[in-house]
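Residues per chain are reported as follows:
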Amino acid sequence: MSSFLKNIFAPIITGLAIAAFIIMFVFQIVKVDGTSMYPNLQNNEHVIVWKLGKIREDSVIVFNAYGVDKNNPNVQKNTKYVKRVIGMPGDTIEYKNNGDLYVNGKYQPQNYITKQQRTTGTLNLLLPEAKGVTLGTGKTFKVPDNAYFVLGDNRSDSNDSRYYGFVPKNKVVGVAKAPFWSKNHKLINDYQSAN
C-alpha cells in the first residue's frame, strides 16, 4: 500500500476504532419506543445510554429484554427496554394498596409520577404477577442479588418487572440520560427520592 493511501486510510480506521470503542464501552444513543415511560420520556425520544453510569434507586436504565421478557413473543436479541429502578439487589419491596411504596421499610415518594399512576396504574395488573413479585398492603418481596426490580413511569401502560420479573445485572446496558432540552430531563437524569 502506498504512503498516500496509508495517509488517507489510517486516520479513518483509527476514527472508526475509537467510535466503536466508545459505542461498546462508554455510551450510545437509543430511541424510546412506546409510552411506558410517559410523560417523562416520550415515544420516539432519543436518550443517551451512559454505560459507565452508577445505577441507584430511581435511576432510569436501558437493558436487553431478550431472555428477560419471556411473555412478549416480539422480543428479539437486540430489543432494549427503558425502565426505572424501583428495587436494587437485596432490597425488600412493599407496594401498598394506596400506592405507597416502601423499600427496606422506608417510604419512597415517587414524585416523578402522578398519584393515579402510583395507585390504579401500578396495582390494576394487566397480566398475572411474575414469580417472586407480590403487590399490595402487607405483601413484601425481596429483589434477588445481582438483579433489579423495574417499573415504567406510565404504570398503566408498562410491561415491566410486575409481569416478567427481575432484570439481571448482566442484562443492563447502562443508565439513561435525557438531553437537556427534554422538558422532563431532571426527572430522568437527576431524580433522587426526597426521603
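About the thresholds
- Residues numbered from 1 in each chain as written.
- Predicted model: local features only at pLDDT ≥ 70, side-chain atom pairs only at ≥ 80, totals over all residues.
- Heavy atoms only, no water.
- Salt bridge = Lys/Arg side-chain N within 4 Å of Asp/Glu carboxyl O.
- Buried < 20%, exposed > 50% of the residue type's maximum accessible area, 1.4 Å probe, protein only.
- Phe/Tyr/Trp six-rings, centres within 6.5 Å; stacked < 30°, edge-to-face > 60°.
- Helix = DSSP H or I, 4+ residues; strand = E, 2+ residues; numbered from the N terminus.
- Lys NZ or Arg CZ within 6 Å of the ring centre and 35° of its normal.

A. Main features of the pattern of salt bridges. Per the counting criterion, the structure on display carries three salt bridges. For the salt bridge of Arg162 with Asp160, the shortest nitrogen-to-oxygen distance reads 2.8 Å. Take Arg162 and Asp160: they sit in the same class, and that class is buried.

B. Broad picture of the packing of aromatic side chains. Tallied over the full model, the rule gives seven aromatic pairs. Between the aromatic rings of Tyr81 and Tyr164, the centroid separation amounts to 5.9 Å while the plane-to-plane angle is 45°, which identifies the pairing as tilted. In this pair, Tyr81 sits in strand S4 (residues 80-87) while Tyr164 sits in helix H3 (residues 161-164), placing the two residues 83 residues apart along the sequence. Summarising the burial analysis for this pair, Tyr81 and Tyr164 share the class buried. Ring geometry for Phe141 versus Phe149: centroids 4.9 Å apart, planes at 65°, classification edge-to-face. Ring pairs connect the aromatic residues Phe63, Tyr81 and Tyr164, which therefore count as one cluster. The ring of Tyr81 carries Lys83 above its face, with NZ or CZ at 5.6 Å from the centroid. Residue placement shows Arg84 over the ring face of Tyr112; its charged tip is 3.9 Å from the ring centre.

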